[in-house]
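Chain and residue survey
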Amino acid sequence: MTYSKRIIIIAVLLTLVLMGMVVKKQFTLNTGSLVVLKTTPVDPRSLFRGDYVRLNYDISRLSSVYFPLLNELKYHDSVFVALKKEGVFWQPVAVFKSMPESSDDKVIIEGSINSPPAFSRSPQVSIKYGIENYFVPEGEGRDLEHLRNQGNISMQIAVDTFGNSGIKAVLLNGEPIYVETLF
Amino acid sequence: MWIGIVITILAALAAVFAVDSIFGSQSFVGRLKKEMPDWVEKGWLEASAGEHILASVGGHKKRGVSTAFAILGVLLFGSGVITFFASNWDEISKLVKLIILFVSMWAVFAAALWSHFRASYAWLSEPMLLLGVILFGVNIMLIAQIYHIDSHYPDGVFVWGLGALLVAWLMKSKSAFVASVLLVLLWTGMEAFDFKAFHWQFMLVWGIQILLLIRCDWRGMLHFLAVSFLFWAVSSYFSLLQISSNSNIVYLMQNYFIFYLILFLLGMHLSLKTATESYGEIMQRYAAVAALGCFYILTFPDFLQCKHWGAGSYGLRSPADNLWLWITAELLLVLIYLALWHRKRTLQQHTRQAYHIWGMGLLGAMLLVMLVNMAPLDANPLIAVMFNLVYFSMLIWLIFFGMRTGNSHLVNISFLFFGITLLSRYFDTFWGLLDRSLFFMAGGVVLIVLGVILEKKRRSVMTGIADEQGVSS
């Protein structure tokens with residue numbers, strides 16, 4: 001194989017990997033159902049990663065008392081949480097080990113077990129959804145922290161038909177302050 | 001954190017290539033200049049051909065220096081790119097950001113292609129490939145940032161490492177290879193220490209790296225792979241302990257020791273053939289360090305009795321259960337098979353020496369003391385004495401082996417462990433017995449005397465090796 005062909009193969013393969021990351025997320029953001037989740041931002045600043053908000057959601061900690069299936073799951077296991085709109089926010093109503101049948105009034109979001117009951121020795125199970133980081137423009141992390149203390153920060157999340165999720169917008173008192181657009 | 005990682009990798013690469021290209025080629029040219037007149041005199045080489053060779057190699061040296069500087073340039077340029085994007089990132093729309101990321105990576109690979117086909121810029125091709133690898137990693141991080149992706153972060157480093165390995169494989173690029181080794185090392189370190197996982201997946205990638213090394217015959221790179229393997233082995237030791245009870249710390253260490261002995265024997269096998277001799281020598285060197293390190297730890301009575309690491313009080317260590325007996329038996333079978341096979345090969349080649357026979361005896365003693373240690377006996381201080389006796393016998397054998405095979409590294413390693421162990425025994429014995437000031441004063445004297453004696457002995461052994469090599473050549 002010639003030098004030129006080899007270098008083109010490299011460039012194409014590396015681009016495909018990067019495109020895979022972009023397309024997967026962009027698909028979720030463009031096609032996903034939108035849900036609003038209540039959050040509690042914590043630790044808004046990291047010296048080495050720039051300004052970003054670390055997010056905890058109400059659905060990040062579920063009780064195995066209400067959802068006994070969680071007792072069967074181990075660290076890093078996938079879990080599918082059914083969300084239903086109750087008032088402004090979407091709340092967890094059921095959990096599954098695999099993707100359930102879709103229904104009109106529910107949205108299924110996929111997460112992974114971060115600390116199972118056996119690990120944490122409490123009925124609270126920590127779940128990660130991959131939407132726990134939000135990068136903000138340099139210097140605005142402190143402002144967001146200040147706003148958080150004043151009002152309700154919530155997140156608009158896009159959830160696609162496979163359960164993948166992505167952050168669509170940051171809401172302050174229900175109004176968007178950061179919106180994710182391609183252009 | 002990410003910028004720190006990138007800069008560390010770049011600095012390591014630049015240092016490696018600067019040292020390799022400048023000092024490596026200088027010593028080679030120097031040696032050629034020294035040997036060439038002798039070859040011409042013997043009629044092996046025409047005088048004019050000799051001049052051409054020296055001119056050509058001298059040219060390589062100049063290009064080597066250019067490559068080193070170009071890589072340092074890549075280091076600065078890469079840092080500049082990261083800083084530029086970091087300070088202007090918020091002003092750019094998502095689509096434009098993505099276009100910049102992809103176009104910059106393609107442009108760098110195009111530059112590598114362009115420079116490769118121009119004789120006066122060919123030296124630029126390798127640094128451009130490295131810059132392409134760096135940009136690939138930067139792009140992974142920035143796309144994750146653009147889309148607020150919060151996933152299992154070692155995966156990003158893993159994908160970056162695979163990208164570097166792909167470049168190394170297809171372009172036979174040494175700098176991309178070093179980058180892949182460092183990135184895969186970082187990946188396994190994150191998995192082991194941040195997520196406490198026994199990270200067996202590392203071995204799959206490491207295996208591919210070994211294949212590439214053999215394919216390209218990059219013997220010098222074996223040092224990198226040996227160090228990364230040892231790092232993985234150490235991190236895996238702690239991961240394995242997480243899924244095991246504390247008293248198994250001893251049996252796991254014994255198994256590690258047997259495993260390194262197996263690697264040492266494999267190195268001895270490789271040394272039997274001229275084509276693989278240099279691989280075998282490097283393998284023996286690292287396996288010897290690792291095996292001696294493990295056995296050194298096993299010589300401590302406190303370790304053998306699990307007085308540390310929260311396993312309980314004196315003498316409470318439980319005997320090895322069936323699982324450990326089974327694993328140890330399997331490893332021992334492999335070890336014995338390799339030893340017998342080596343015996344057969346050396347007998348066939350008529351190269352069997354006295355140290356081989358002594359080595360077999362020593363191997364028997366090692367296995368015996370380890371099996372006794374696994375038996376359900378009351379904790380007995382004699383076990384530690386036995387371990388120490390075998391350990392010092394190993395050191396003496398290794399010095400003897402290094403002398404006979406002309407492997408000066410093994411001699412140096414043995415003397416180093418000899419010194420460390422004697423000092424450790426001094427600390428063990430006199431720490432509680434002597435007054436503190438007297439302890440340190442006496443320790444200082446012991447250290448100086450020990451250093452002088454060991455260095456004197458080491459030099460006399462090395463002179464012996466040099467003399468033998470001079471006679472044989």
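Residues numbered from 1 in each chain as written. Chains lettered and ligands numbered in written order. Predicted model: local features only at pLDDT ≥ 70, side-chain atom pairs only at ≥ 80, totals over all residues.

1. Quick word on the overall build of chain A
- For chain A, the helix and strand inventory stands at three helices and twelve strands.
- Considering only contacts in chain A between residues 6 or more positions apart, those separated by 24 or more positions represent 59%. (Helix = DSSP H or I, 4+ residues; strand = E, 2+ residues; numbered from the N terminus. Contact = placed C-beta atoms within 7 Å.)

2. Quick word on the pairing of strand β8 (residues 124–128) of chain A
All names here are of chain A.
- Burial along β8 is one-sided: the face carrying V125 and I127 is buried and the face carrying Q124, S126 and K128 is not.
- Where strand β4 (residues 61–63) and β8 come together, three bridges link them in antiparallel fashion. Within β8, the position partnered with S63 by the bridge is Q124. (Buried ≥ 20, exposed ≤ 12 C-beta atoms within 10 Å, placed from the backbone. Pairing = 2+ DSSP bridges.)

3. As for the sheet that holds strand β5 (residues 78–86) of chain A
Residue and element names in this part refer to chain A.
- One open sheet accounts for five strands, arranged β4-β8-β7-β5-β6; its pairing is antiparallel. Of all the strands in the sheet, the pair left with one neighbour each is β4 and β6 (89–96). Pairs of neighbouring strands in the sheet enclose a mean axial angle of 50 degrees, with direction left out of account.
- One ladder, built from seven bridges, connects β5 with strand β7 (residues 106–115); its direction is antiparallel. By the bridge assignment for β7, K84 is matched with K106. (Axes fitted to C-alpha atoms, helices over the stretch in contact; angles between N-to-C directions.)

4. Structural notes on the nonpolar core
- Residues V133(B), A164(B), V167(B) and A176(B) are the most contacted members of the largest nonpolar core, which totals 58 residues.
- For this core, the elements supplying multiple residues, two or more each, are α1 (3–31) of chain A together with α3 (94–116), α4 (125–146), α5 (154–171), α6 (174–194), α7 (201–216) and α8 (222–242) of chain B.
- The element best represented in this core is α4(B), accounting for 13 residues.
- With residues near it in sequence (within four places) discarded, A164(B) still touches V133(B), A176(B), A179(B), S180(B) and L183(B).
- Judged by nonpolar contacts, the second largest core, of 38 residues, contains A290(B), Y296(B), M370(B) and F387(B). (Core = buried A, V, L, I, M, F, W, Y, C linked by C-beta atoms within 7 Å.)

5. Things to note about the interface of chain B and chain A
- Taken together, the 32 residues of chain B in the interface contact 30 residues of chain A.
- Listed by contribution, the elements that provide at least two residues to the side of chain B that touches chain A are α1 (2–41), α3, α4 and α5 of chain B.
- Per element, the largest residue contribution to the side of chain B that touches chain A is ten residues, and it comes from α3(B).
- Counted by class, the side of chain B that touches chain A contains 21 nonpolar, eight polar and three charged residues. (Nonpolar A, V, L, I, M, F, W, Y, C, P; charged D, E, K, R; others polar.)

6. As for α4(B)
- With 22 residues, α4(B) extends 30 Å between its outermost C-alpha atoms, agreeing within 8% with the 32 Å of an ideal straight helix rising 1.5 Å per residue.
- Counted residue by residue, α4(B) has 19 buried out of 22 residues, so it is predominantly covered. (Expected span 1.5 Å × (residues − 1).)

7. Considering unusual backbone geometry
- With phi around 80 degrees, H76(A) is a residue other than glycine that occupies positive phi space.
- Along the polypeptide, H76(A) turns up in the loop between β4 and β5.
- Using a count of 13 C-beta atoms within 10 Å as the deciding quantity, one classes H76(A) as partly exposed.
- A positive phi angle, close to 55 degrees, is found at H148(B), a residue other than glycine.
- One can find H148(B) in the loop between α4 and α5.
- Using a count of 21 C-beta atoms within 10 Å as the deciding quantity, one classes H148(B) as buried.

8. Regarding the pairing of β6(A)
Residues and elements named next belong to chain A.
- Both β5 and β6 contribute to a ladder of seven bridges, which runs antiparallel. Note on β6: the bridge partner recorded for A82 is A94.
- Between β5 and β6, which pair antiparallel and follow one another directly, the connecting turn spans two residues, one of which, G87, has a positive phi of 75 degrees.

9. Looking at the confidence of the model for chain A
- For chain A, per-residue confidence averages 83 on the pLDDT scale, and 85% of positions sit at 70 or higher.
- When mean pLDDT is taken per element in chain A, α1(A) scores highest with 92 and strand β2 (residues 45–46) of chain A scores lowest with 48. (pLDDT = per-residue confidence, 0-100.)

10. A word on the packing of helix α10 (residues 277–298) of chain B against helix α14 (residues 381–405) of chain B
Residue and element names in this part refer to chain B.
- The interhelical angle for the contact between α10 and α14, taken along N-to-C directions, is 155 degrees, at an axis separation of 9 Å. On the basis of their axis angle, the class for α10 and α14 is roughly antiparallel. In this structure, α10 meets α14 at a crossing whose hand is left-handed. Across the interface between the two elements, A288, F295, Y296 and L298 of α10 pack against F387, Y391, M394 and L398 of α14.
- Each residue belonging to the contact of α10 with α14 can be placed in one class, and the counts come to eight nonpolar, no polar and no charged. (Parallel < 35°, antiparallel > 145°, perpendicular 65-115°, else oblique. Left-handed = near helix turned anticlockwise from the far one by under 90°.)

11. Thoughts on the environment of L124(B)
- Relative to the assigned elements, L124(B) resides in the loop between α3 and α4.
- Each C-alpha atom of the pair L124(B) and A111(B) lies 8.4 Å from the other, and the pair is 13 residues apart in sequence.

12. Examining the environment of F415(B)
Residue and element names in this part refer to chain B.
- On the secondary structure map, F415 appears in helix α15 (residues 408–430).
- The class of F415 is buried, set by 21 C-beta atoms lying within 10 Å.
- Not counting chain neighbours up to four residues away, the residues in contact with F415 comprise L454 and R458.

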